[in-house]
Amino acid sequence: MKKTLIINGSPRLNGNTVVLINELKKHLDGEIIELSAFRSKIAPCVDCRGCWKTAKCVVKDEMQVIYDDAFDNIVIASPVYYGTLPGQMLSLMSRLQPWHAATYFLKKPLNQKPKRAAVILTAGGKGNEEREYHHLRAFFRMVNAHDFENHVVCSGKTDEISASEDAKAKVGVRELALWLNSGENF
């Protein structure tokens, strides 16, 4: 059975990002694991450097869901603030430091299984949703998830039209679910 990890980068309980996450979940097969960058108990990296010796994080919290590497698909769903991902989302991403340490300091890259990656973004204002791709690329590279650029749905200009009214974004999310369900490679 496929497992899909959805990381919710929104602080809002019923905002535009959650609308699209719920649309995705309606169409996904298999087990769905959801983490919230704002509500899950995931501490930020404090650069204690414990992982420089062991390639493991000394902090024990809900980040273990990601460290366990027991999912087939990973979806990051997030609003865009000031042209990038919210601080809590970046904080969660910083916790991949142990995998970075394994690869670059210890020269013992971990063998994470390959995953399908997808992104759902919501953005108001000027629609600057492409600027955060740098962070997304780094995160997905570390978790061995590829080709997310071909699997991005954005509900832009949410200050003018909510995601719940954005028919194109809702169709895009359903298509993401079909692709994730298919198990097709990248």
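Residues numbered from 1 in each chain as written. Predicted model: local features only at pLDDT ≥ 70, side-chain atom pairs only at ≥ 80, totals over all residues. Heavy atoms only, no water.

### Things to note about the overall build of the protein
For the protein, the helix and strand inventory stands at seven helices and six strands. Walking the protein from its N terminus toward its C terminus, one meets helices and strands in the order β-α-β-α-α-β-α-α-β-α-β-β-α. In the protein, once contacts between residues fewer than 6 apart in sequence are set aside, the share between residues at least 24 apart is 80%. By element, 52% of the accessible surface of the protein is carried by carbon and sulfur atoms, the whole surface being about 9,300 Å². (Helix = DSSP H or I, 4+ residues; strand = E, 2+ residues; numbered from the N terminus. Contact = heavy atoms within 4.5 Å. Areas by Shrake-Rupley, 256 points an atom, 1.4 Å probe, with all protein chains shown as cover.)

### A few points about a nonpolar patch on the surface
On the surface, a cluster of nonpolar side chains totalling about 290 Å² of accessible area is made up of Trp52, Tyr104 and Phe105. With respect to the helices, strands and loops of the structure, Trp52 is situated in helix α2 (residues 51-54). Accessibility expressed as a relative area gives 31% for Trp52, which makes it partly exposed. (Patch = residues over 30% accessible without salt bridge, like charges linked within 9 Å, V, L, I, M, F, W, Y side chains within 5 Å. Salt bridge = Lys/Arg side-chain N within 4 Å of Asp/Glu carboxyl O. Buried < 20%, exposed > 50% of the residue type's maximum accessible area, 1.4 Å probe, protein only.)

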